[in-house]
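Here is what each chain is made of, one letter per residue.
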Amino acid sequence: MDIRSQFPILSQSVYKHPLVYLDNAATTQKPVSVIETLTEYYKTLNSNIHRGAHYLAAQATEQYESVRRQVQKFINARHHHEIVFTRGTTESINLVASSFCKRFLKEDDEVIVSGMEHHSDIVPWQLAGARLRVIPFSDEGVLDLEAYKNLFNEKTRIVAVNHVSNTLGTINPVKELVEIAHAHNVPILIDGAQSISHIKVDVQELGCDFYCFSGHKMYGPMGVGVMYGREELLNEIPPYQGGGEMIKDVTFDLTTYNELPFKFEAGTPSVGDVLGLGSAIRFMEEIGIEQIHATEDDLLHYAAEQMKEIDGMRFIGTAPNKTSVISFLIGESHPYDVGTLLDKLGIAVRTGHHCTQPIMERFGIPGTVRASFAVYNTREEVDLFINALKRIAPMLM
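Below you will find a few notes about this structure.

All right, on to the pattern of salt bridges then. Evaluation of the coordinates by the stated rule reveals 19 salt bridges. As a salt-bridge pair, Glu265 and Arg68 come within 2.8 Å of each other at their nearest N and O atoms. Placement of Glu265 in the loop between strand S12 (255-257) and helix H9 (271-287) and of Arg68 in helix H2 (residues 55-75) is noted, with a sequence separation of 197 residues between them. The salt bridge involving Arg133 is made with Glu110; its shortest N-O contact spans 3.8 Å. One end of the pair, Arg133, is in strand S6 (residues 131-135); the other, Glu110, is in strand S5 (residues 110-114), and 23 residues separate them in sequence. Bridged by salt links that share partners, the residues Arg78, Glu82, Asp209, Arg230 and Glu232 form one connected network.

Counted by the stated rule, this structure contains one cavity of 30 Å³ or more. The space that makes up the largest cavity amounts to roughly 50 Å³. Around the largest cavity sit Ile49, His50, Arg51, Tyr64, Glu245, Glu265, Gly267 and Pro269, which together line it. Each residue belonging to the lining of the largest cavity can be placed in one class, and the counts come to three nonpolar, two polar and three charged.

Among the six residues of strand S14 (residues 325-330), six are classified as buried, and the element is accordingly described as predominantly covered. Of the pairings in the sheet, the one linking strand S13 (residues 313-315) to S14 comprises three bridges and is antiparallel in character. Along S14, the bridge assignment pairs Phe315 with Phe328. Inspection of the sheet shows S14 paired to strand S17 (residues 368-372) by four bridges, in the antiparallel sense. Following the sheet pairing, Val325 is matched in S17 by Ser372.

Strands sit in the order S13-S14-S17-S16 across an open sheet of four strands; the sheet is antiparallel. Of all strands in the sheet, those bounded by a partner on one side alone are S13 and strand S16 (350-352). Strand-to-strand twist in this sheet, taken as the mean axis angle between neighbours without regard to direction, amounts to 35°. The pairing of S16 with S17 spans three bridges and is classified as antiparallel. Residue pairing in the sheet places Thr351 in a bridge with Val369 of S17. In the packing of helix H11 (residues 335-344) onto the sheet, contacts are made with S14, S16 and S17, and the angle to S17 comes to roughly 45°. This element, helix H13 (residues 379-396), spans S13, S14 and S17 of the sheet and lies at about 25° to S14.

Here we take up helix H10 (residues 289-307). Here H10 contains 19 residues, and its C-alpha end-to-end distance of 27 Å stays within 8% of the 27 Å for a straight helix at 1.5 Å per residue. Taken together, the buried positions of H10 are occupied by Ile289, Ile292, Thr295, Glu296, Leu299, Leu300, Ala303, Ala304, Gln306 and Met307. Along the long axis of H10, the arc covered by the buried residues comes to 165°, so they all point the same way. Next to the buried residues of H10 lie H9, S13, S14 and H13.

A cis amide bond, omega 0°, links Leu260 with the succeeding residue Pro261. Here Pro261 shows up in the loop between S12 and H9. If you check the backbone angles, Asp108 has positive phi at about 75° while not being a glycine. When you line up the elements, Asp108 lands in the loop between helix H3 (89-104) and S5.

Before going further, it helps to examine the packing of H10 against H13. Remark: H10 packs on H13, axes separated minimally by 10 Å, with the N-to-C direction vectors making an angle of 25°. In terms of axis orientation, H10 runs roughly parallel to H13. Where H10 crosses over H13, the two elements pack in a sense that is right-handed. The residues of H13 that touch H10, namely those facing Asp298, Leu299, Tyr302, Ala303, Gln306 and Met307, are Arg379, Val382, Asp383, Phe385, Ile386 and Leu389.

Here seven strands make up an open sheet; going across it, the order is S4-S10-S9-S8-S7-S5-S6 and the pairing mixed. The open sheet has two free edges, formed respectively by strand S4 (83-86) and S6, since each of these has just one partner strand. Each neighbouring strand pair of the sheet contributes to a mean axis angle of 20°, computed without reference to strand direction. Across four bridges, the pairing between strand S7 (residues 156-162) and strand S8 (residues 188-191) is parallel. Note on S8: the bridge partner recorded for Asn162 is Asp191. Together, S4, S7, S8, strand S9 (210-214) and strand S10 (225-229) form the strand contacts of H3, whose direction differs from that of S9 by roughly 155°.

Per the counting criterion, the structure on display carries 13 aromatic pairs. Considering the side-chain rings of Phe7 and Phe283, the 5.5 Å spacing of their centres and the 80° angle between planes classify their relative orientation as edge-to-face. Taken together, the residues span a long stretch of sequence, with Phe7 in the segment before strand S1 (13-14) and Phe283 in helix H9 at a distance of 276 residues. With respect to class, Phe7 is no different from Phe283; both count as buried. Considering the side-chain rings of Phe328 and Phe385, the 6.2 Å spacing of their centres and the 65° angle between planes classify their relative orientation as edge-to-face. Note that Phe328 is positioned in strand S14 and Phe385 in helix H13, a separation of 57 residues in sequence. One aromatic cluster is present, formed by Phe7, Tyr219, Phe283 and Tyr376 through successive ring pairs. Against the face of Phe137 rests Arg362, its NZ or CZ located 5.2 Å from the ring centre.

The rules we used
- Residues numbered from 1 in each chain as written.
- Predicted model: local features only at pLDDT ≥ 70, side-chain atom pairs only at ≥ 80, totals over all residues.
- Heavy atoms only, no water.
- Salt bridge = Lys/Arg side-chain N within 4 Å of Asp/Glu carboxyl O.
- Helix = DSSP H or I, 4+ residues; strand = E, 2+ residues; numbered from the N terminus.
- 1 Å grid on protein atoms, 1.4 Å probe; cavity = no way out; pocket = protein on both sides within 12 Å on 5 of 7 lines; lining within 4 Å.
- Points joined across faces, edges and corners; volume = space filled by probe spheres on them.
- Nonpolar A, V, L, I, M, F, W, Y, C, P; charged D, E, K, R; others polar.
- Buried < 20%, exposed > 50% of the residue type's maximum accessible area, 1.4 Å probe, protein only.
- Pairing = 2+ DSSP bridges.
- Axes fitted to C-alpha atoms, helices over the stretch in contact; angles between N-to-C directions.
- Contact = heavy atoms within 4.5 Å.
- Expected span 1.5 Å × (residues − 1).
- Arc of directions from axis to C-beta.
- Parallel < 35°, antiparallel > 145°, perpendicular 65-115°, else oblique.
- Left-handed = near helix turned anticlockwise from the far one by under 90°.
- Phe/Tyr/Trp six-rings, centres within 6.5 Å; stacked < 30°, edge-to-face > 60°.
- Lys NZ or Arg CZ within 6 Å of the ring centre and 35° of its normal.

All we've got here are geometric facts, nothing functional implied.
Here's what the structure looks like:
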């Protein structure tokens, strides 16, 4: 497959320079197959699912539910009804935080998170009333597992950690984190937003109780995500939202809820986006997750080695086990200034705190510049990026 040709957006110029898109941790671009799936749905199949007796509704329902089974296979869940469709990782985590805490959390109970969490894995637990206990990490961006073990007590109700840090690129030792949590009879949620498109995810092998991710981080549409939950826990926790589809029977005196996964999917879903997610998974499977990881790992190390030679270069996050993300600063310059100058040379990167303000406080910085890679990026693009950095660095020192 000629991967690059599948992404028409990448062929354009920006400010008379070839576009070099290195903002993939924020969102990936979409291949033609995904775009065509969305178009085809609205051209030929647009219909509400699960409710209609007519042909279009039946066909849309069949395709929608086939994606649920596709996701089940992709992450190796035991059952297709353990796959709940949401609007993205943020809603998936909010669903678990709201429902789980409503069922299990009492006053002064605690949730363990890591110091490198996205705000979406901090704020929902606070909203649910939990006290947070935080796993520290080293200057390199490696979690302190001994400190983690010491955070558990009789008030610990759940652990919530990311698989890959969106700012540091660290691949956390999720399987070990799960084993430690389960040794204390504590369930664990994994934020997989930054891992799902880069490394193989097998929820049964990891042993996690919840796993959350977004379609738009894995070449799919925005507005669709997945919350995997272990069947036993999904049966125990209450619905997140009320409305159509999530009910079995409704009276003015009593409502009984639908079976899994429908009790967590209130209202009309984004059917076209779910079908687009299915196309994105097929795209990734055609290349192979191992090949995707190898390509991105090559780009990561190729870029990092050249960046080391630039005066004033400061890396934020140097864990030995990381993927796809380089966060950096140039001297004492503000990250926004670096990003703006790179943009004028056609280089798209992300600047700021990346919704990880505690990380920035940990390092005493306002934010970073973040370059992040996807399977369609090339060494030639890295060369353009490095040349741009060499051009602007003297202006900022």
